[in-house]
Every structure is written in structure tokens, then in C-alpha cells.
Amino acid sequence: MEGKGLTPRPELKCVRGLPLIKYFAENWEQVEKFQARPDDLLISTYPKAGTTWISEIVDQILNDGDIEKSKRDAIFIRVPFLEFAVPGVLKGTEQLAAMPPPRVIKTHLPVEFLPQSFWDKNCKMIYVARNAKDVAVSFYHFYQMAKVHPDPGTWEEFLQKYMDGKVSYGSWYDHVKGWWEKKKDYRILYLFYEDMKENPKREIRKVMKFMEKDLGEEVLERIVRDTSFKIMKENSMANYDTIPTCVMDHSISPFMRKGIAGDWKNHFTVAQNEAFDADYAKKMGQTSLRFRTEV
Ligand code: PPS
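Residues numbered from 1 in each chain as written. Predicted model: local features only at pLDDT ≥ 70, side-chain atom pairs only at ≥ 80, totals over all residues. Heavy atoms only, no water.

A. Spotlight on the site of the ligand. The environment of the ligand is formed by 22 residues, the closest being Thr-51, Thr-52, Ser-138, Tyr-193 and Lys-258. Backbone polar atom of Gly-50 to an oxygen atom of the ligand: 3.0 Å apart, as the coordinates give it. Between the ligand and Thr-227, the relevant distance is 2.9 Å, taken from a nitrogen atom to a main-chain nitrogen or oxygen of the residue. When isolated, the ligand has an accessible area of 640 Å², and the protein chains bury 98% of it. Counting only elements with at least two residues in the shell around the ligand, the list comes to helix 3 (51-62), helix 8 (132-145) and helix 14 (229-234). For the shell around the ligand, the leading source of residues is helix 3, giving three residues. Residues that form the shell around the ligand fall into these classes: nine nonpolar, eight polar and five charged. (Near = heavy atom within 4 Å. Polar contact = N/O pair within 3.5 Å; in protein donor to acceptor, adjacent residues only side chain to side chain. Areas by Shrake-Rupley, 256 points an atom, 1.4 Å probe, with all protein chains shown as cover. Helix = DSSP H or I, 4+ residues; strand = E, 2+ residues; numbered from the N terminus. Nonpolar A, V, L, I, M, F, W, Y, C, P; charged D, E, K, R; others polar.)

B. Spatial organisation of the sheet that holds strand 6 (residues 188-192). The four strands lie next to each other as 4-3-5-6, forming an open sheet whose pairing is parallel. The sheet is open, and its two edges are formed by strand 4 (104-107) and strand 6, each paired on a single side. Along the sheet, successive strands turn relative to each other by an average axial angle of 20 degrees, direction set aside. In the sheet, strand 3 (residues 41-45) pairs with strand 5 (residues 124-129) via five bridges, with the strands oriented parallel. Residue pairing across strands places Thr-45 opposite Val-128, the latter belonging to strand 5. Across the sheet, helix 10 (residues 172-182) lies against strand 3, strand 5 and strand 6, angled at about 140 degrees from strand 6, the strand it touches most. Running over the sheet, helix 12 (residues 200-210) touches strand 3, strand 5 and strand 6 and is turned about 170 degrees from strand 6. (Pairing = 2+ DSSP bridges. Axes fitted to C-alpha atoms, helices over the stretch in contact; angles between N-to-C directions. Contact = heavy atoms within 4.5 Å.)

C. Region of the structure containing unusual backbone geometry. Here the bond from Pro-101 into Pro-102 is cis, since omega is 0 degrees, no more than 30 degrees from zero. Mapping Pro-102 onto the fold places it in the loop between helix 6 (92-97) and strand 4. Positive phi is not limited to glycine here, since Lys-48 has a value of about 70 degrees. With respect to the helices and strands, the residue Lys-48 is situated in the loop between strand 3 and helix 3. Owing to a relative accessible area of 13%, Lys-48 belongs among the buried residues under this scheme. Despite not being glycine, Glu-212 has its phi angle at roughly 55 degrees, a positive value. (Buried < 20%, exposed > 50% of the residue type's maximum accessible area, 1.4 Å probe, protein only.)

Here you go:
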């Protein structure tokens, strides 16, 4: 990845009301007409919910737990990012056009923005949801280190923008609820980051079953180990270390930052937490979707 011709910190640009990274929005036509195949496996998340973790798990399952095979390339090449587009770099849609099946595809799109062909082809999809407060903290750090985002401002300012859905990919609330509703009608495995932290073996077993891959206990245990935060943080094919500093600056905040549930407590003030909880109750309403904020 070169990143030439990139203007640092461009303002977000809306596509049908959805705020996106400017370059992603400018490539929207290509995304909308993307043609999924029936054997594509889609990984969908709101940003910072554990996308890289579940992508690494899925790729290791596809490779029967052989970590050397999973180290064949960086995670963003093995699992292309559908709507990714920055000047001078191969777009997600271009990467996917050249990729042999079975393709694993990453997206952060809200359910109503997913290209229609994924629904028409009835693709399998894995959605990972993470609690809203930890996502806010992780996103704030990511905005600082990934310079395709606008300047996040102070934590207080960023938190307000996040609550108002004025960040890249819009409202966390609409995202998690939209995908939750859709799973009633489509082949969507809906997972929670906090469950993965609590019992990765149990959750990876669910993923294997969903992918119809029975690899046995020994391989399962190896995948649990090789997709742990500690191992992935050291793995340059999983930790985004190979991205140029002009795009992601790990010295500001590493991509593999903390990898825990409950870090929000180190960032929210009491007043911020109260305001957030009140707003959360209004926005989440009567949904059956329930989140834990720590493990
Ligand atoms: S992105 O940029 O939206 O695709 O980011 P994403 O991969 O969704 O989220 C990054 C956060 O996930 C944490 N992470 C992990 N946690 C636990 N275990 C493993 N293996 C793991 N891999 C990534 C990563 O540290 C980011 O969370 P924070 O809270 O910032 O540490």
C-alpha cells in the first residue's frame, strides 16, 4: 500500500445521508454495483467491533488452522475491505474482482447500504457487535492514528459526535439494530465481542459450525491461541504494521491497542457516562438486543 496523493484528514462525505471517509464516498458507485457470489462469506461490523479478530479467525478456519498459510499475506489482502478506496491504492472492489473463491469480504456498511447482490445470492454473513462505550473509545484512538479520518477533536467532542451519529459509518445504534433485525430472514451469525473475550473457544466453535468446517478440538485450540490478542499483536500479517505511516501511525496509537472489554471506564467521566446511558436508553428502545459493557 503506497498512499500517494492522499490528503491527510479530509472531512467526511455523505452518501444518501451516511457519513463516510471522503475517498470511500467518492467510490460509492463501484460498491453499489458490486456482484457477490453465492460462496462469498461476508464479515460485517460497525468499526472497531472486532473485525480484524473475526477475519483472522475465519481465515485460519479456512486454512484448517495452519498459521503459516494464514501468514501468506496481510489481513487486508486476505480479507478485502469492500468499500475501501484511497488514491493510489487498489480498491476493495478491484481486489475482490481478481480474487479466486472462496472470498471472505469485510464491510462496515449499515444493513440498508449493503449491495443488493449479497441478499440476492443469500451469502453467509458474520456480524460482530461490541458494546457502544468501548467502540467509542477505540474509534477515538483510531481516528487519531488513521489519518483518512477528520481530526477527532477532544474526547468530549468526539463522544458527542459519536452519540449524534456524525462519525464515519454513522450511528452505532442503527447499525447494531439493523443487522440484528436482518438476521431473522438471512444467514447471519450474530456474535458479540464480549462473548468472544469471555470464551473464545465457544465462539470460534460457533463460527466453525456456521462455516461447516469440523476441524476437531486440537485445531480449535490452536486457532484460539493464534487469534489471541497477544499473538495477533505480534503478527505483522494481522496487526496492520505494514501500512505506511502516512495512512496509519501506530506511534500515535497502535491498531492492536488494548483488546479488552471495559476500557471505557478509563475514559468516560461520571457525567459523560450518565449522559451516554440516558441517550442510549432512548435510542435502543425496546430492542431484544442486549450488551454487556465488561467481561
Ligand atoms: S477496524 O479498523 O474497524 O477494522 O477495527 P476492528 O478490527 O474492528 O477493531 C479493532 C479493535 O479490536 C481489537 N482486537 C482484538 N481484541 C481482542 N482480541 C483480538 N485478537 C483482537 N484483535 C483486535 C483491537 O485491539 C481494537 O480494540 P481496542 O479497544 O482499540 O484495543
